[in-house]
Structure formats: structure tokens, C-alpha cells
Amino acid sequence: MKISELNQIICCIFFAAVFMFLNSSEALAESRSYKRSVEKYNIPDISLVNQNGKKVRLRSLLYGETPVVVDFIYGTCTTICPVLSAGFVNLQRNIDTKGGSVRLVSITIDPENDTPKVMKEYLKRFRAKPGWDFLTGSRADIDTVMKAFNAYIPDKMQHYPLNIIRNPKDNSWVRLFGIMSSKEFMEEFQAVAGKHKK
Amino acid sequence: MIIKYLPFLISILLATPLYSAPLTPDEDLSQSDIMRLGEQMYRNGVLPSGEYMPAYIRGDTEVDSGAFSCSSCHLRAGLGSYEGGVVTPPTTGRKLYEPYRRPPSLGDTVDQTGRYIYAKTVQERPSYNRTTLASALRFGVDPVGQKFNDVMPRYPLSDRDMTILIRYLEFLSHEPSPGASSSEFRFATIITDDVSPEERKALLNPLQNFMDRKNQQLALYNDYIKFGYIPTAEMKYAFRKASLDIWDLKGDPSTWRKQLENYNAAKPVFAILGGISNQNWKPVHDFCESERIPSLFPITDFPVVSDTSWYTYYFNKGYAQEGEGAAKYLNRLIEDADTKTVLQVVQDSEVARALASGFENSWKEMERSPIKSIKLTAGELADNKTLNKILSSRRTSVLLLWADAETLPQLKKTLSRLKGRKIIFMSSGYLGKKAADISDEVRKNIYLTWPYRLTPYIGPQTGQFDARVPIVTSVKDFGESRITSRTVAMLLQAALQGLNKIYDNLYRDHFMDVMSMQMDLTVRDYERLSFGPGQRYVSKGCYIIQLGHGKNPELIPRSEWVIQ
């Protein structure tokens, strides 16, 4: 074995160790990288348009027996939306394997550009399964929804990562600000939905 | 804990063959192979094997890179982005192999609203080398072991794939683009020979003013420097000499490309500012695309409508956007069963064809069943016999009449042949000021496409130092070419912002990236301009309006600015 190869092995093991250490110490310190609060929201009675071009009443989409997770993204977004949407895909996958159900609702903050076609392609790119809807609408309606969730973003370039989970039992919402790991997201979800055994 | 990260660790160990070659150029790949494969990884997230690159966020959130790739965050030129309070740093070899200090970011501190820190970035680091860079991509640590935040994914790549990607990063935005230097920007504008002297002036005046003002500011700034003023980094790049060439295009459009190539070879420019033609813009569009020259907001009714083109910014899709507006409005108006009662009539002209293609593309995009479309000559439309015959042989409730104002005297008769809804859609741009001739009695049946502002705009008409007067549009504005006001909007807001923000990164691709990350703009002619990576038609709206009564009728909106 040449020296350089040995170096590489050592390097690899070293970084793997560093990687585990950093993550485990973080978990031990209980330092969540996101902020959590429980809120009540008054959802406006408006209709938005989904990725299939169909008008949907927001209330009938959100007010059901199934827990709902809402986020705000847009089709051509850099940086944050990919991370939020990766969180959605993984949550959907995890809930699928562990049993239970969820309704995922992404609401655009770029209603001018996000046509049903753009939204459909976005969902396809992320391999969304049925149960994840992407909504657009008039700018006035989108502004109303953002304000109702205390998430008004005057300009899309200033938006921030937010997931909001609705608890169907008491109509409360868990507001999660920041970027979660899949495990944290799943735990937050289960805290609302209860653990399913199916 | 170890279990949690097991999938990640295993994938890294598997992807890192113990006997792999060090990070040197692959013997079996040519430079151009490496660039092509690297670009495919960087832009599309596709490995040389054709598989998607695996990526992990926060250790356990696995995503494949079909959804997003390096360029989603670091942008095409690799100089990073700033969005949502997250600084995405540059990822070009030039920047990585040098020590780096990040600009401050919202994510660095809790902001005034008490928002939580979620994406604090590494503040300062020494230079990378190829080995530490590979570790950064695999494990998310910089050369001195500082861990990246949760936004930057970790990429467990094989050594070979890693080598290719790193070689691509080294090449990315390496050589400054032609037409720019630390002291000068060279621009051109393009004018075709069908353009009238007045239109030419309307375009060149604001452009010339812009150049004069930039050079005047530079002189002033140099005076300040002489008196000992120490500029901020930002200021240093805001003041640069600017020059403008006029690229006149003559003769048949098939010869434009050669002419453009000659101009560009003689004196290359950094970007093309504005431009004007009454003919189809495609030859210029294609030239800019293949030469990778940014082209900002030419005045044209016939832009290229494409999802994938990169280098030309347009205000909107021209006539196609009006056709699209009609399609979106009609989409909400009629059920699928009724599409048989819709008829599209297309005059044999380039304008009408553009309107029809805008309608048809949008209609198809909304997955509606196709509608019947017929083509008529101007002569056939003027005497109305042909159209009447067609209308009597079928049940038509909605007519899309993409025809010029010569057809207006026939409208009443045409309308009488319609059944049910009795609606006719026409284009305000195509009719022009003559739309005022639409007789009062049929106005309630006529819907017009109107791709400009309706709500009063409070602000300078020309973007210069004029009084602030509200601007309300009227039929007199139909068919108005708005050359000066739109060119001013392009210059003062869009181009200037972009040019100032590229600092000393004189890459055309970076300029396009910076332009795409702008905040929304309010301008005189459109309700709103909005940007975003890959978005190239910045005004997305088109009202459907009706005319009120009288000689100078009110324009009554029947739709939103953007119809969903």
C-alpha cells in the first residue's frame, strides 16, 4: 500500500468520526436548530388552484381528519425551497413506511410565475406522491393566506423556512421555523398525529 | 446515534474505493469530456453513469439531485446567491483556492423580529486544495474542520466522480467575459432597418443618457478620489466607464447572424442593452444564445417563447402573451364539453399567428381539448362572406378573432351569427387606437387582451427627474410601442442593479444570475415585473378588459392581472 492510499483511508475514517461526533454532540446538547410554537390560525375562506389546474377551497383542503403540513415555496426558488421540499418528500416516505397518513400542502409565494404546469413539474421533480398539493392563485388571495399564517413575505427573495402542522383534534397548528432533519420532522409530526401502528 | 447515520456512512465508504487514484486528471477523459460531465453534475445533478447524484441534508434527509443540483443554490456561474437570508458562497476554483471571508448575513444573528438562526454560514476560512475540497463536499467541513450549516447538502461521490466535479469547479467562471474590465463596460444595442427614425430616437435617447450619466458620475467620483475620499468596495464597482455601440442590422433576417458575428468579432461587448425591431427577434435571440451574450429587454412583439433559453430577458411574450391571456380567461369560463363551440379565426399575418400560438400553447398546457382553428386572408375577413358561411355551418358561442381593425365594421354581423354566450375575443395591440371604433352596442360582447398596466402608476413617466404624475391608460395607448419608458425601466432598474451587484466578478453568466435574483419591480408600463432563476419573461400579466361607453371609453378589467 502506498503512503497516499493510507493517507486517504485515515482521512476518510477521520472525517467520518468528525462527522458523527459533530452530529451526536449536537443531539446530546438538545439544541434544536429550529424554533417551535403552537398557534391558532383563522384560515380564510378562499379558493386556490392546484397543480392540476383545479380550483380547491382552502378550508376543505386543510380542515379534515388527516393532519396537514403547510409550507410556502415557489417553483424557481434557490436555497430554501429545495431543502423544505426534500423535507416533505422524506416525511411522505417515512409516514408511508411507518403507517399513518398526512396531507402536504405547499403554497406558492410566486403566484405570477407558478402556473399549474410549473407546479406539476416541480412536484414531479421531487417525486411527490399523491397527497402533496401545490397551490397558486391571485396575488391578493396568496397574500391573504400568508397573512393568515403570520407568514407574510412582501418579496419572495426574502422568504424563510417554515413548516406548519395542523392538529385535526383541536385545530391547533404547530409552527416550526428553521430546517429540521427528517427524524425531527417525523417526531414533530407524530407528536401531533400520534404514532400509528398499521 | 451510529444507527441513525449508518446509511450515510455506508454510502460514503462504498463510494470511496480504498485503492482509488489520487485527485489528478483522469487519463481516459479529455478536457471537454470532463467539462461536459462536470456541467451535467453541477447543473442537472446527473452522474457520469446517468444516475442522479445522491445527497444528504442534515445527515438523514436523503434526496436525489434530480430535484435540485449545485446550480440551484450556487447558481449557474458558481458565484453563489443570497436569498431568504442565506448566503450561498461561491464555489468556483478561483474563489475556493483562496482564503475567504463571507459577507455578513441575516442568518448570522437573530434578526429584529426575533427570528431564529437557521443558516449561519462559516465566516472565514483558509484556502482549499483538491483534497480538502473533496472532504467539504462529502462531509460538509471546511479546511479547518468548521461544519457547514444545514442548507448545504453532503455528497457521497466516488473518487472518479468527485475528480470530475472538482475539475469543473476549477474551470467554472475562470476567465472574465469579453467586453468588461475593472474600468470599463462595453455594451451594444441592436436596431433593424425596418425601424423608423422616431422609434430609433425613442430607443437611443435614454440609452445615450444612461451612458452619459454613467460617465459623468465616474468623472465626479474620480474627483472625489482626488480629494482623498476612500470608496467602499461596493462603490468602487458602481463607477465604471461605459460605452455603447449601435449594431444596425440590414436586409433579410437570414443575414443578421453574419452581421452580428462581424460586429461582435470586431468589438465584443459584455451585454446587449435593449434593441428594437418590428420583425421576429429570433435570429438575434439565437445569436445571443449560442455566443452566450446577455441581452436585456429588447423592444419586440415577437420574442422567442422558450422555457430553456438563457441569455435574453424579455418584458413579456409579446403577442403570444395576449393569446395566452385569452386562453387562461376562457379556461375558467367554459367547461370541456363546450370547447366544440369555440372557434379561433386567424388572419394570415405574423401578428395573428403569434396571438394564435400563444393561445394554443397555453390551452394545451392547461390540458384542454383542442379547439377548431381556421386561417383567413385579410380580404376574406374584410368582406365577411367566408366567415359568415363558416359561422352558419356550426354552433359557435365564443370566437377568438385574431384580426386587425379592418374587420371592425363587420363585428355586428359576425356577432349575430354567434349562439349562446356570444363572446368575441380580440387583441388590443393588433387593433390599436382604432379599437375606439368598436360600436357601443357590441362592446358588451367584446373582450380585449391588454398586457399593460391599468391601475394608476404614481411615479416618473420616464424614470428621470420629472414630476410625479399618476398615469392612467386609455384606448389612446392601444398599440403604443412604449419604447422610451420601457428602455428607461430596463436601464435604471434592471440593468443598473445587476451591473452594480456583480462587483469585480465580470462574468456574463454571473450577470444573468444576479439579474434573476432581483426583487420585484413596479414600473410604468406593467403592474409588476418579477424575477427568479430561469424566469425570462418578467411581466407575467395580461388583463382581459371591456370598453365602457363613448369616444374615450373606460377600460374595464374583467380579470386579474395574472389569471390562474
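Numbers given to residues run from 1 along each chain, matching the order in which its sequence is written. As a convention, the first chain written is A and the first ligand written is 1, with the rest following in written order. Totals for whole chains, interfaces and linings use every residue, but because this is a predicted model, local features are given only for residues with pLDDT of at least 70 and side-chain atom pairs only at 80 or more, for both listing and counting. Side-chain measures were taken over the full set of non-hydrogen atoms in the model, leaving aside hydrogen atoms and water.

Visitor: Go over the overall build of chain B, please, and point to the residues and values.
Guide: Summing up its helical and strand segments, chain B has 18 helices and 20 strands in all. A 1.4 Å probe rolled over the protein chains alone gives each residue an accessible area, and that area as a share of the maximum for its type sets the label: buried under 20%, exposed over 50%, partly exposed in between. Classification of the 564 residues of chain B by burial places 58% in the buried group. A 1.4 Å probe and the Shrake-Rupley method give the accessible areas. Residues count as covered only by the protein chains that appear here. Carbon and sulfur atoms provide 54% of the accessible area of chain B, an area that totals close to 23800 Å². Secondary structure is summarised from DSSP: a helix means a run of H or I of at least four residues, a strand means a run of E of at least two, and numbering begins at the N terminus for each.

Visitor: With reference to specific residues and values, describe the pattern of salt bridges.
Guide: Opposite charge on two side chains permits pairing when their charged atoms draw close. What counts as a salt bridge is simple: a side-chain nitrogen of Lys or Arg found within 4 Å of a carboxyl oxygen of Asp or Glu. Taken as a whole and assessed by the stated rule, the structure comprises 34 salt bridges over all chains. The salt bridge involving aspartate 133 of chain A is made with arginine 103 of chain A; its shortest N-O contact spans 3.8 Å. Residue aspartate 133 of chain A is found in strand S6 (residues 132-135), and its partner arginine 103 of chain A is found in strand S5 (residues 103-108); the two are separated by 30 residues along the sequence. Residue arginine 103 of chain A is classed as partly exposed on the basis of its relative accessible area, which comes to 30%. One salt bridge in this structure joins aspartate 159 of chain B and arginine 138 of chain B, with 2.7 Å as the shortest N-O distance. Here aspartate 159 of chain B, found in helix H6 (residues 159-171), pairs with arginine 138 of chain B, found in helix H5 (residues 130-139); they are 21 residues apart in sequence, far enough to count as distant.

Visitor: Describe in detail the state of the cysteines, supporting the description with residues and values.
Guide: Among covalent bonds in proteins, the disulfide is the one between the sulfur atoms of two cysteines. Here, the term disulfide refers to a pair of cysteine sulfur atoms separated by no more than 2.5 Å. The final tally for this structure, using the stated rule, is one disulfide over all chains. Residue cysteine 70 of chain B stays outside any disulfide, its sulfur separated by 8.8 Å from that of cysteine 73 of chain B, the closest cysteine.

Visitor: An account of the environment of valine 398 of chain B is needed here, citing residue identities and associated values.
Guide: By the secondary structure assignment, valine 398 of chain B is in strand S14 (residues 398-402). Sequence separation of valine 398 of chain B and leucine 333 of chain B is 65 residues, and the distance between their C-alpha atoms is 10 Å.

Visitor: Quick one: what's the story with the nonpolar core, residue by residue and with numbers?
Guide: Nonpolar cores are built from buried Ala, Val, Leu, Ile, Met, Phe, Trp, Tyr and Cys residues. Side-chain atoms within 4.5 Å join them into one set. Residues Leu62, Val69, Val70, Phe72 and Phe149 of chain A are the most contacted members of the largest nonpolar core, which totals 95 residues. The greatest single-element share of this core, amounting to nine residues, is contributed by helix H3 (residues 80-98) of chain A. Sequence-distant contacts of valine 70 of chain A, that is, excluding residues within four places in its chain, are made with Leu62, Phe88, Val105, Ile107, Phe149, Leu162, Asn163, Ile164 and Trp173 of chain A. The next biggest cluster of nonpolar side chains, apart from the first, holds 76 residues, and it includes Phe315, Leu376, Leu391 and Ala495 of chain B. In what follows, a contact means two residues having at least one pair of non-hydrogen atoms within 4.5 Å.

Visitor: Tell me about unusual backbone geometry, and please be specific about residues and values.
Guide: Residues and elements named next belong to chain B. Non-glycine residue leucine 75 carries a positive phi angle of around 65°. Positionally, leucine 75 belongs in the loop between helix H3 (70-74) and strand S3 (81-83). Look at lysine 422: it is not a glycine, yet its phi comes out positive at around 55°. Assignment of secondary structure puts lysine 422 in the loop between helix H15 (411-416) and strand S15 (423-427). Residue classification places lysine 422 among the partly exposed positions, given a relative accessible area of 31%.

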